[in-house]
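Close look at the chain arrangement
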Amino acid sequence: MADLDNKEQTEHDQKEDMEDVEDIEEEETSEDVDSKARQLTVQMMQNPRILAALQERLDGLVGNPSGYLESLPKIVKRRVNALKNLQVKCAHIEAKFYEEVHELQRKYAALYQPLFDKRSDIVNAIFEPTEEECKWQGDEEEELSVNPDEMKEKAKVEEEKKDEEKEAPKGIPDFWLTVFKNVDLLSDMVQEHDEPIIKHLTDLKVKFSDVGQPMSFTLEFSFEPNEYFTNELLTKTYKMRSEPDESDPFSFDGPEIMGCTGCPIDWMKGKNVTMKTIKKKQKHKGRGTVRTVTKTVPTDSFFNFFSPPEVPENGDLDEDSEAILAADFEIGHFLHERIIPRAVLYFTGEAIEDDDDDYDEEGEEADDEEGEEEADEENDPDYDPKKDPTPPSECKQQ
């Protein structure tokens, strides 16, 4: 009987030991599963296809509601609507702000104009600036950096050059043509056959609409008498609007150009550079005779700028017309905001260098961000360059 009790006790102890072992094995198995899951996750995140799929999924979420707004109680949604109504009122106030900015532009344009008129007089040899007006700080610094012997030699060369020149150039030759050719946005428009005409451009002004009139500005191109057309003035007017769209008030971001009108150009016979003549040979189907047909067709020219597409009352335009108008609006705005106020700096190229510096700064910021990303990858203990799907910069296709 005692032997039987001992046997039962032994079996009971062995069973408890087995349960302990099973518990331990279960715990070890759970750890193994977690470890394998982590390894699998790392491998998946290093797979370019999976990363691309995840990125595509994330891109699809951009701009979409997160679901949070839909989950809000009705009373909270009502308050959000109240905020949106306040935002509409803000847009209307902002529109009034830009209307007053337009009034200020008109006011200060009148103060700028005497200076721009004098600029025109100097360019066109109507006024010769005094020695005092011609002094520039940069020239003085350059003279200080040159030793006396070099200065004497330089002065001697200049005197000899003056003696040799029978007729000194008047004003500043090709001022506006140089400005146009220095600016990519404009140089793309200027064709070789346009250049002789633009040489006759004497001034470029902007005029704003009168008080109480709809918001607009007009670009005025003044030309000296020439053999190409009889116009002394070519104009381009841009109509603007500074009010939120009732159907989409939150899109308002300041005044927008709604349309533009050019002017007719009275070309001399055979001088219209916006058209070209082509000759085609046609064969008669029955008789087999060949005749030459002359046709006049449009061609690229800067002066197409004065014949923009007309905007229908319903506002419907084909894609080509929309693209032309979009570029036209950009050019008109650029002439108004940058070229006319700072013409001399585009003539010398200094304004272009400033623009390039702005682009360089943006590029440097992008490079810095890229460098930070590379540094993060190097500091990542799980980062394996062999599994990086992104090729080195020197291997990327140009």
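Numbers given for residues are sequential positions, taken from 1 along each chain in its written order. Residue-level local features of this predicted model are given only where pLDDT is at least 70; pairs of side-chain atoms are given and counted only at 80 or more, and the full residue set underlies all totals for whole chains, interfaces and linings. Side-chain calculation: all heavy atoms of the structure are included, whereas hydrogens and water are not.

1. Some remarks on the overall build of the chain
What counts is decided by this rule: Numbering of helices and strands runs from the N terminus, with a helix taken as a DSSP run of H or I at least four residues long and a strand as a DSSP run of E at least two residues long. Between buried and exposed lies partly exposed: a residue is buried under 20% and exposed over 50% of the maximum accessible area for its type, with that area taken using a 1.4 Å probe on protein chains only. Contacts: residue pairs with any heavy atoms within 4.5 Å of one another. Calculation of accessible area relied on Shrake-Rupley with a 1.4 Å probe; when residues are assessed, cover is drawn exclusively from the protein chains displayed.
A count of helices and strands for the chain gives 13 helices and six strands. Counting over 398 residues, the chain shows a buried share of 22%. Partitioning the intrachain contacts of the chain with sequence separation of at least 6 by distance along the chain shows that 57% fall at a separation of at least 24. Total accessible area computed for the chain in this model is approximately 30400 Å², and 50% of it derives from carbon and sulfur atoms.

2. Thoughts on the sheet that holds strand β2 (residues 216-223)
Short version of the rule: When DSSP finds two or more bridges between a pair of strands, those strands are recorded as paired. Only the stretch in contact is used when fitting a helix axis, every axis being a line fitted to C-alpha atoms; angles between N-to-C directions are given from 0 to 180 degrees.
A sheet is described by the order of its strands in space; here four strands give the open sequence β1-β2-β3-β4, paired in antiparallel fashion. Since the sheet does not close on itself, it has two edges, and those belong to β1 (201-208) and β4 (256-261), each with one partner. The mean angle between the axes of side-by-side strands here comes to 20°, regardless of whether they run parallel or antiparallel. Of the strand pairs in this sheet, β1 and β2 are connected by seven bridges, and their pairing is antiparallel. Within the sheet, the bridge partner assigned to L204 lies in β2 and is F221. Strands in contact with helix α8 (residues 175-182) are β1 and β2; relative to β1, the strand with the most contacts, it is inclined by about 70°.

3. What to know about the layout of surface pockets
As a reminder, the rule being used: In this analysis, the protein atoms alone were mapped onto a 1 Å grid. Cavities are point sets where a 1.4 Å probe fits without being able to get out; pockets are open sets with protein on both sides within 12 Å along at least five of seven lines; lining residues have an atom within 4 Å of a point. Grid points are joined across faces, edges and corners, and a volume is the space filled by probe spheres set on the points. Just so you know the grouping, Ala, Val, Leu, Ile, Met, Phe, Trp, Tyr, Cys and Pro go in nonpolar, Asp, Glu, Lys and Arg go in charged, and all remaining residues, Gly too, go in polar.
In this structure, the largest pocket occupies an estimated 1100 Å³ of space. Every residue lining the largest pocket is counted, 28 residues in all, and those nearest its centre are I122, P129, E133, I172 and V344. Of all the secondary structure elements, the ones that give two or more residues to the lining of the largest pocket are α4 (74-123), α5 (131-134) and α12 (343-348). When its residues are assigned to classes, the lining of the largest pocket shows 17 nonpolar, two polar and nine charged.

4. Section: the pairing of strand β5 (residues 275-283)
Note: β5 against strand β6 (residues 290-298), nine bridges, orientation antiparallel. Note on β6: the bridge partner recorded for K279 is T294.

5. Some thoughts on the nonpolar core
Grouped burial of nonpolar side chains is what soluble globular proteins tend to show. Definition in use: Definition used in this section: a nonpolar core is a set of buried Ala, Val, Leu, Ile, Met, Phe, Trp, Tyr and Cys residues joined via side-chain atoms within 4.5 Å.
In terms of nonpolar packing, the biggest core is built from 47 residues, with F180, F221 and F303 touching the most fellow members. If you tally residues by element for this core, the top one is helix α11 (residues 319-339), at six residues. When residues no more than four places from it in sequence are discounted, the contact partners of F180 are L186, S187, V190, I198, L201, L204, F221 and F302.

6. Description of the pattern of salt bridges
Heads up, the rule is: Here, a salt bridge means any side-chain nitrogen of Lys or Arg that lies within 4 Å of a carboxyl oxygen of Asp or Glu.
Scanning all chains against the criterion turns up ten salt bridges. Ionic pairing is found between D174 and K199, a salt bridge with its closest N-O pair at 3.0 Å. Here D174, found in the loop between α7 (148-164) and α8, pairs with K199, found in the loop between α10 (195-198) and β1; they are 25 residues apart in sequence, far enough to count as distant. Between K236 and D328 there is a salt bridge, with the nearest N and O atoms lying 2.7 Å from each other. Remark: D328 occurs in helix α11 and K236 occurs in strand β3 (residues 233-241); sequence separation between them is 92 residues. The burial state of K236 is the same as that of D328; both residues are buried.

7. Details of the packing of aromatic side chains
Formally: Only centres within 6.5 Å qualify two rings of Phe, Tyr or Trp (six-membered ring in Trp) as a pair; their planes then separate them into stacked at under 30 degrees, edge-to-face at over 60, and tilted for everything else. When the NZ atom of lysine or the CZ atom of arginine is within 6 Å of a ring's centre and also within 35 degrees of its normal, the charge is said to sit over that ring.
Per the stated rule, a full pass over the model turns up 22 aromatic pairs. Ring centres 6.2 Å apart and planes at 70° place the aromatic pair Y98 and F252 in the edge-to-face group. Taken together, the residues span a long stretch of sequence, with Y98 in helix α4 and F252 in the loop between β3 and β4 at a distance of 154 residues. Both rings, one in Y238 and one in F329, keep their centres 6.4 Å apart while their planes meet at 75°; by these two values the pair is edge-to-face. On the criterion of sequence distance, the pair formed by Y238 in strand β3 and F329 in helix α11 is long-range, its members being 91 residues apart. Among the aromatic residues, ring-to-ring pairing joins F180, F221, F223, F229, W267, F302, F303, F305 and F306 into one connected group. Directly above the ring of F305 sits K236, whose terminal nitrogen or CZ lies 3.5 Å from the centroid.

8. Some details on the confidence of the model for the chain
The test is simple: Values of pLDDT, ranging from 0 to 100, describe the predictor's confidence in every residue of the model.
Per-residue confidence for the chain gives a mean pLDDT of 78, with 65% of residues at or over 70. Per-element confidence in the chain is highest for α10, whose mean pLDDT is 98, and lowest for helix α1 (residues 2-45), whose mean pLDDT is 55. Predicted confidence is poor over residues 17-28, with pLDDT under 50, and the contacts of this stretch with residues over four places away or in other chains come to zero contacts. Low pLDDT, under 50, characterises residues 385-398; the stretch is placed with six contacts to residues that sit more than four places away or in other chains.

9. Some words on the environment of M240
You can see M240 is positioned in strand β3. Taking C-alpha positions, M240 is 6.3 Å from P255, a pair spaced 15 residues apart along the chain.

10. Examining α11
The cut-off we apply is this: One fewer than the residue count of a helix, multiplied by 1.5 Å, yields its expected span.
With 21 residues, α11 extends 28 Å from end C-alpha to end C-alpha; this agrees with the ideal 30 Å at 1.5 Å per step. Regarding α11, the residues found buried are S321, L325, D328, F329, I331, G332, F334, L335, H336 and I339.

11. Concerning α4
In this model, α4 (50 residues) spans 68 Å end to end at C-alpha, consistent with the 74 Å of a helix rising 1.5 Å per residue. Buried within α4 are the following residues: A91, A95, H102, R106, A109, Q113, F116, R119, S120 and V123. Lining the buried residues of α4 we find α8, β1, β2 and α12. Phi turns positive, to about 65°, at A125, one or two residues after α4.

12. Regarding the side chain of S216
As for its position among the elements, S216 is in strand β2. Apart from the residues within four sequence positions on either side, S216 is in contact with H102, K207, F208, S209, T237, Y238, K239 and M240.

13. What to know about the side chain of S301
Note the threshold: Each polar contact in these results corresponds to two N or O atoms within 3.5 Å; when the atoms are within protein, one needs to be able to donate a hydrogen and the other to accept it, and residues that are neighboring in sequence are counted only if both atoms are side-chain atoms.
Within the secondary structure, S301 is located in the loop between β6 and α11. Accessibility expressed as a relative area gives 8% for S301, which makes it buried. Side-chain polar atoms of S301 contact the side chain of D194, separated by 2.8 Å. Not counting residues within four places of it along the chain, the set of residues in contact with S301 comprises M189, Q191, H193, D194, V273 and T274.

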